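Spelled out, the chains give:
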Amino acid sequence: MYHYSIFRHSVGNYNVPFCLQSTSKPLVYALVQEELNQETVHQYVGHEPSGITFNAISLDPANKPHNPMINAGAILTCSLLKQNMNLADRFDYVTKMFKRLTGGEYLAFNNAVFLSERETADRNFALGYYMRENKLCSIEVDCDSASVVAATLANGGVCPTTGDKVFSTNSVRNTLSLMHSCGMYDYSGGFAFEVGLPAKSGVSGCIMLVVPNVMGICMWSPPLDKYGNSVRGIQFCKTIQ
């Protein structure tokens, strides 16, 4: 029986739904590690910062995507997940796992966003052929539920609101390491230097920030900077240091 002392602070439009977008990438990476183990996953995808744009059609010298936080790596990682299942069952599995990460809080699917992205996903299709487009970017959360996801990562893979152990500590360690070095698009190095905490952003305006062993934070503010990160979210991250 787990007993946690939990404090939650929410400000602003914290219950407005938004899509995970690229914030789903570290979660899928952790799921695949749980299924296949670290060594198997990194036979197919690297773990180094790419030094190129997140959607570049490029592989590393070993002909692998540079890391799971860029589009090529995320597509490859998705392809490794539950390969014995059909696409519908794989999607159902991932949404159930994401629901566990939120502690049963808000999680939905935005079909309009999915259809829009599929119509404009030429580069992602090209990346898939170069090394498959998926629905995970269109999963909806709000700041409350996404903060529980971040807190689950901060808590070593154990959801703090339910006591459910979703990820192993090894999967969380590897995921946080790549969030720290590769999680903020082309600003990842600057963010690591100025903030120094694992984070992952998405073009919906979301930033999920993890303070290991302390707390998880989710910010949502849609205006983006030139890198695709939330302007206000970056400002907030800098102020808490």
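Residues numbered from 1 in each chain as written. Predicted model: local features only at pLDDT ≥ 70, side-chain atom pairs only at ≥ 80, totals over all residues. Heavy atoms only, no water.

To be explicit about the condition: UniProt positions are given in the numbering used here, feature names are shortened, and annotations may be inferred rather than shown by experiment.
In the nomenclature of an unreviewed UniProt entry, the protein corresponds to glutaminase from the organism Mytilus edulis. The record held by UniProt for the protein lists under Catalytic activity (unreviewed entry) the comment "L-glutamine + H2O = L-glutamate + NH4(+)". If you open the UniProt record of the protein and go to Subunit (unreviewed entry), you find "Homotetramer."

1. A word on the sheet that holds strand β6 (residues 215–220)
Formally: In this analysis, strands are considered paired if DSSP registers two or more bridges between them. Numbering of helices and strands runs from the N terminus, with a helix taken as a DSSP run of H or I at least four residues long and a strand as a DSSP run of E at least two residues long. Every axis in this analysis is a line fitted to C-alpha atoms, fitted for helices over the stretch in contact. Angles between the N-to-C directions lie between 0 and 180 degrees. Throughout, a contact is declared for two residues whenever any of their heavy atoms are within 4.5 Å.
The antiparallel open sheet is built from three strands, whose spatial order is β4-β5-β6. Edge positions in the open sheet fall to β4 (199–201) and β6, since each of these has one partner strand only. Averaged over neighbouring strand pairs, the angle between their axes works out to 10° when direction is ignored. Where β4 lies against strand β5 (residues 206–211), three bridges are found, and the strand directions are antiparallel. Looking at β5, one finds that Ser201 is bridged to Ile207. Packing against the sheet, helix α7 (residues 143–154) makes contact with β5 and β6, and its axis sits at approximately 145° to β6.

2. Examining unusual backbone geometry
Backbone geometry places Gln21, a non-glycine residue, at a positive phi of 50°. Mapping Gln21 onto the fold places it in the loop between β1 (18–19) and α1 (24–36). Unusually for a residue other than glycine, Asn37 sits at a positive phi of about 85°. Examined against the element boundaries, Asn37 turns out to sit in the loop between α1 and α2 (38–41).

3. Let's talk about the packing of α1 against helix α8 (residues 169–182)
Our working definition: Two helices that cross are described as forming a left-handed crossing if the nearer one is turned anticlockwise from the farther one by less than a right angle, and a right-handed crossing if clockwise. Here the nonpolar group is Ala, Val, Leu, Ile, Met, Phe, Trp, Tyr, Cys and Pro; Asp, Glu, Lys and Arg are the charged ones; every other residue, Gly included, is treated as polar.
For the pair α1 and α8, interaxial distance at closest approach is 9 Å and the crossing angle is 145°. Handedness of the α1/α8 crossing: right-handed. Taking contact as the criterion, the partners of Pro26, Tyr29, Ala30, Gln33 and Glu34 in α1 are, on α8, Asn170, Ser171, Asn174, Thr175, Leu178 and Met179. Its residues placed into classes, the contact of α1 with α8 shows five nonpolar, five polar and one charged.

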